[in-house]
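One-letter residues, chain by chain:
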Amino acid sequence: MTTTPGAATTAPPAPALSSDALTGKRRVAFASYVDENYLPGFLALLRSLALSNPGVCEDFVVLHDDLRPGSIARIRALHPRIVLRRVNAEHYDSYKKGDQDNYLVRKAYFILDVFRLREYDTIITLDTDMVVLGDLGELLRLREGLAAVPQFFYGQHKLNSGLLVIQREYLSDAFCAELDATGRSGDYELDKHDQGILNAVLDGDFVRLDARYNFVKRRLSGDLPVPDDTAILHFTGRHKPWQGGEAGYGQAEERWREFELSDADFQAAYLARPGTLHHDLLVHLGTPHVARTGDVESARKVAAAHIAAGDYQDAVDILSSVDIPLDAAWPHEVLGHALMSVSRYEEAEAQLLLAAAAPNRAATAYARLAQMAWVHGDNTESLRHATAGISVDPTHRSSRLWAQRAGTVPPQDLGSAEDQLAHVAFYMDRQGNAGDKLLPETVRLGFGPDTTSRRWHSVHAHRLFDKAALERVNARRGLVIGGGGLFIPDTMPNGNSAWQWNVPDEHLRGIDVPIMVYAVGFNAFDGQSYRAGRFRESLRLLVEKSAFFGLRNHGSIAKVRAMLPDHLHDKVRFQPCPTTVSRQLVPGWTDPAEREDTVLLNAAYDRAGLRFGHDYGHFLAEIAKAVRGIGAHAEVRCVAHSLDDERIAFDLRREHGISLPVIPMYDFDNDAIRDLYARTRLVIGMRGHAGMIPFGVGTPIISLISHPKMAYFLADIERPEWGVSVHDRNLGAVLTERAIGILDAHAATVADVHERQQTLWKVTEANAADLRVILGR
């Protein structure tokens, strides 16, 4: 069946906002003015930035007016996120002072073009006669003002040239107009050492940074050594290291020459850096290094980076391009992981068995073998591998998880096949994410009060949907697909569909009962994408085959429609997550007569880098302020949907001396989850279902937005003010004010929640009528 009875529930077009606009995530960039004469200095700067801060890779804006194509190619070879921007010569020509042939003067004018960039929230400027020697984390975490190092020789009211940390309020038309007016008036002082126009406008009003962030060469006169804590060394003056240098600064210039490397040596040096290497740099520099050297360890690092980003085929390709020795266990394990992620299971098994021969990789290899066996429905083999992993390392969590899954007897169907619906979902483990645990049951409530195996045949989305599974589904009345953000590429990767349901196209085509996609979400994070054409092909086939295709928010609808041909757009309709209307669905539901005087706080830490960027310290400090403020009105407790969610309580206690009770919701059954959320006064949550579940049982919410789906849901209920970005500069104050406002007007807010819920319930009821027609009941 491929048609949808009744009128489709069409969605209004979602606003065309980028993910970072929805989450409020800060966009950070470096910037430099570069010309041909200073190109050697800029190349050394790029190398030094990567080698001194190997985990950092932001956009690097190159302002230029005369770079040759070959020079641009040399720049791009060193950095994967170069943004070329020509300077505005008209602005320069309109200024009156200075020698127009002097690079230092031209740079002082042209760097002002940085203030005309509108794509970023924070920009860090670096001169091309600088090298980075230390950690720049403090600069990346700055959130306010315009920061610089005061001039060393000419008075503390002026900033030194070269390094600026510029925040959004200065990247504005108004500030640029002030700069232009000062430049045209000529009412400023300009010499080769300063930013004359900028100093005239600021008049000393800037955030002072420590001198180690712009340590000028002149302080080392007499061949003094560079202090160990120097983060940025600045070779001010006429004589640059790449031009022969200057007498009396030998030790400083030795530091610069550390970064005078060929591309091959630079790539090798970066690959050899200890600690966390940024994915983009690792892939950009590691790929040509592996192609040139065939180095197995480098190939493993690059492949692991590809896997972490969801680029599984790229991981297979780079490790397949090198000769892996039989006793090199770690590369075999990573290749096995990549191969199983693209569903090349037999090849993956061979690689993982090789890895299992080494004690230090055996537990992980056995866990992956157990996972593959479970995916294929072989619980006996899965348990055997998981047990082997535990025998190697009794503390190995993944091996224990697969032993638990493989040893669990699935519930037996109680009803006859012709009376059942098959249900593809992610069926969560006992101590798994509480929201995902609740979802399959709640989806079933959308089809009737009986959620047991008498009426439902469970199909775990992560298990291979083979011919036998197809036959079982075709024996049922229909197939429901739903229970979370199934459209995500990396939770349980496979090469058959490239989303969570491991279904080959031939078996999807073979389904001859009605397919109903119910309240599925598009769950890609800000900074995460579906790169594989395989996903688009599987998605299109699923939409074509579906009798009902409902997504749980309008943001997901817009994302999915963008991947489909026009003629399929109308098949994609709005079906709210059933957790948001739990009060209407749960048999015998009654609202609590009384609520506890508590506020429940939830934070999420999966894919923390995508959630927080450089702002986790800021987030934690602001949450501490909010907990103290809200705590004066109600008791704040930490509610953990998964084990990792407890980190917020540990970090608040360690960093800010705040102790919160922790509620292990991951251990609760579904009724207990709903009951706890119904009895509290307010939930402040970062997980999607830490907002949708309490909303669904009538409890006010404030969402901590670190994922677009939070903003999508709040837009659907027309209450964007119930959310605040984790990156908000004033997060603590905003959160406290909104929480206290809700607590003070609690009855009215609960009534508003009920009214918002009714809107979603009307959509759900209309869809339910269509579903009854599809199923002939």
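Scoring rules and cut-offs
Residues numbered from 1 in each chain as written. Predicted model: local features only at pLDDT ≥ 70, side-chain atom pairs only at ≥ 80, totals over all residues. Heavy atoms only, no water. Helix = DSSP H or I, 4+ residues; strand = E, 2+ residues; numbered from the N terminus. Rg over C-alpha atoms; globule rule 2.2 N^0.38 Å. Buried < 20%, exposed > 50% of the residue type's maximum accessible area, 1.4 Å probe, protein only. Areas by Shrake-Rupley, 256 points an atom, 1.4 Å probe, with all protein chains shown as cover. Lys, Arg positive; Asp, Glu negative; His and termini not counted. Charge placed at Lys NZ, Arg CZ, Asp CG, Glu CD. Core = buried A, V, L, I, M, F, W, Y, C linked by side-chain atoms within 4.5 Å. Contact = heavy atoms within 4.5 Å. Axes fitted to C-alpha atoms, helices over the stretch in contact; angles between N-to-C directions. Parallel < 35°, antiparallel > 145°, perpendicular 65-115°, else oblique. Nonpolar A, V, L, I, M, F, W, Y, C, P; charged D, E, K, R; others polar. Pairing = 2+ DSSP bridges. 1 Å grid on protein atoms, 1.4 Å probe; cavity = no way out; pocket = protein on both sides within 12 Å on 5 of 7 lines; lining within 4 Å. Points joined across faces, edges and corners; volume = space filled by probe spheres on them. Polar contact = N/O pair within 3.5 Å; in protein donor to acceptor, adjacent residues only side chain to side chain. Salt bridge = Lys/Arg side-chain N within 4 Å of Asp/Glu carboxyl O. Phe/Tyr/Trp six-rings, centres within 6.5 Å; stacked < 30°, edge-to-face > 60°. Lys NZ or Arg CZ within 6 Å of the ring centre and 35° of its normal.

Below, the discussion takes up the overall build of the protein chain. Secondary structure summary: the protein chain contains 32 helices and 22 strands in total. Its C-alpha atoms give the protein chain a radius of gyration of 29 Å, near enough to 28 Å, the size a compact globule of 777 residues would have. With the C-alpha coordinates aligned to their principal axes, the bounding extent of the protein chain is approximately 90 × 65 × 55 Å. By residue count, 60% of the 777 residues in the protein chain fall in the buried class. Element-wise, carbon and sulfur atoms account for 50% of the exposed surface of the protein chain, whose accessible area totals about 29,900 Å². With 85 positive and 100 negative side-chain charges, the protein chain shows a separation of 2 Å between the mean positions of the two kinds.

Counting 96 residues, the largest nonpolar core has Phe60, Leu139 and Leu163 as the members making the most contacts within it. The element best represented in this core is helix 2 (residues 39–52), accounting for 9 residues. Those residues in contact with Leu139 that lie beyond four places of it in its chain are Ile124, Leu163, Val165, Leu209, Tyr213 and Ile232. If you look at the next biggest cluster of nonpolar residues, it comprises 61 residues, including Leu22, Val572, Val581 and Ile701.

Right, let's talk about the packing of helix 19 (residues 434–445) against helix 28 (residues 670–679) for a bit. Packed helix pairs are specified by the crossing angle of their axes together with the interaxial distance, meaning the distance between the axes. For the pair helix 19 and helix 28, the least separation of the axes is 9 Å and the interaxial angle reads 110 degrees. Classified by the angle between their axes, helix 19 and helix 28 sit roughly perpendicular to one another. Across the interface between the two elements, Ala434, Lys437, Leu438, Glu441 and Thr442 from helix 19 touch Asn670, Ile673 and Arg674 from helix 28. Along the lines of polarity and charge, the residues of the contact of helix 19 with helix 28 split into 3 nonpolar, 2 polar and 3 charged.

In spatial order, the strands read 5-10-9; together these 3 strands make up an open sheet with mixed pairing. Edge positions in the sheet fall to strand 5 (130–132) and strand 9 (215–216), since each has one partner strand and no second. Judged from the 3 bridges that link them, strand 5 and strand 10 (residues 232–234) form a sheet pairing that is antiparallel. Paired with Val131 across the strands is Leu233, a residue of strand 10.

The final tally for this structure, using the stated rule, is 6 cavities of 30 Å³ or more. Roughly 70 Å³ of volume is contained in the second largest cavity. Around the second largest cavity sit Arg552, Asn553, Gly688, Gly691, Met692, Ser703, Lys709, Met710 and Phe713, which together line it. Every element with two or more residues in the lining of the second largest cavity is listed here: helix 29 (689–696) and helix 30 (708–716). At 3 residues, helix 30 tops the list of elements feeding residues into the lining of the second largest cavity. For the lining of the second largest cavity, the class distribution of residues is 3 nonpolar, 4 polar and 2 charged.

Here we take up helix 28. Taken together, the buried positions of helix 28 are occupied by Asn670, Ile673, Arg674, Leu676, Tyr677 and Ala678. By the N-cap criterion, in which a side-chain oxygen at the helix start approaches the backbone nitrogen of a residue two or three places on, helix 28 is capped by Asp669, the distance to Asp671 being 3.3 Å.

Across residues other than glycine, the phi torsion is negative in most instances, and most of the peptide bonds are trans. The phi dihedral of Ser343 falls on the positive side, at around 65 degrees, and the residue is not glycine. The residue Ser343 is located in the loop between helix 14 (329–341) and helix 15 (345–355) in this model. Classification of Ser343 as buried rests on a relative accessible area of 16%. A positive phi angle, close to 70 degrees, is found at Ala498, a residue other than glycine. Position of Ala498 among the secondary structure elements: in the loop between strand 13 (478–481) and helix 21 (505–509).

Another aspect to go through is the pattern of salt bridges. Counted according to the given criterion, the structure contains 46 salt bridges. Linking Asp671 and Arg674 is a salt bridge whose minimum nitrogen-to-oxygen distance equals 3.0 Å. Note that Asp671 and Arg674 are positioned in helix 28 at a spacing of 3 residues, about one turn of the helix. Under the relative-accessibility criterion, Arg674 is labelled buried at 3%. Salt bridges here are not isolated pairs; linked through shared partners, they connect Glu718, Arg719, Glu721, Asp752, Glu755 and Arg756.

With that settled, the discussion passes to the pairing of strand 7 (residues 164–167). Side chains Leu164 and Ile166 project from strand 7 onto one buried face, and the interleaved Val165 and Gln167 project onto a second face that is buried too. Both strand 6 (residues 146–148) and strand 7 contribute to a ladder of 2 bridges, which runs antiparallel. Opposite Leu146, over in strand 7, you have Ile166 as the bridge partner.

With that out of the way, let us pick up the packing of aromatic side chains. Summed over the entire model, instances satisfying the criterion amount to 21 aromatic pairs. Aromatic pair Tyr170 and Phe175: ring centres 5.0 Å apart, planes at 90 degrees, arrangement edge-to-face. Plain terms: the ring middles of Phe612 and Tyr616 are 5.0 Å apart, the flat faces sit at 65 degrees to each other, and that makes the pair edge-to-face. The two residues Phe612 and Tyr616 agree in class, both being buried. An aromatic cluster of at least three residues, connected via ring pairs, comprises Phe465, Phe487, Trp499, Trp501, Phe535 and Phe549. Its end group placed over the ring of Phe206, Arg208 keeps NZ or CZ at 4.0 Å from the ring centre.

Attention now moves to helix 30. Since the α-helix turns once every 3.6 residues, residues separated by three or four places project in the same direction. Most of helix 30 sits inside the fold, with 8 of its 9 residues counted as buried. Two residues or fewer after helix 30 comes Glu718, characterised by a positive phi angle close to 60 degrees.

With that settled, the discussion passes to the pairing of strand 20 (residues 682–685). Side chains Leu682 and Ile684 of strand 20 all project onto a buried face; the interleaved residues Val683 and Gly685 project onto the opposite face, where all are buried too. In the sheet, strand 17 (residues 598–602) pairs with strand 20 via 4 bridges, with the strands oriented parallel. Across the sheet, the residue bridging to Leu601 is Ile684, located in strand 20. Of the strand pairs in this sheet, strand 20 and strand 21 (residues 701–705) are connected by 3 bridges, and their pairing is parallel. Its bridge partner lying in strand 21, Ile684 is registered against Ile702.

Moving on to the sheet that holds strand 21. Reading across from one edge, 19-18-17-20-21-22 is the order of the 6 strands in this open sheet, with parallel pairing throughout. Among the strands making up the open sheet, the edge pair consists of strand 19 (662–664) and strand 22 (723–725). Recorded for the sheet is a direction-independent mean angle of 25 degrees between the axes of neighbouring strands. In this structure, strand 17 lies alongside strand 18 (residues 635–640), joined through 4 bridges in parallel fashion. Bridge assignment links Val599 to a residue of strand 18, and that residue is Val636.

Quick look at the layout of surface pockets now. In this model, the second largest pocket occupies a volume close to 1,200 Å³. Pro410, Pro411, Tyr427, Ser458 and His460 are, among the 39 residues lining the second largest pocket, the residues nearest its centre. For the lining of the second largest pocket, the secondary structure elements donating two or more residues are helix 16 (359–375), helix 18 (397–407), helix 19, strand 12 (456–460) and helix 20 (467–474). Each residue belonging to the lining of the second largest pocket can be placed in one class, and the counts come to 15 nonpolar, 13 polar and 11 charged.

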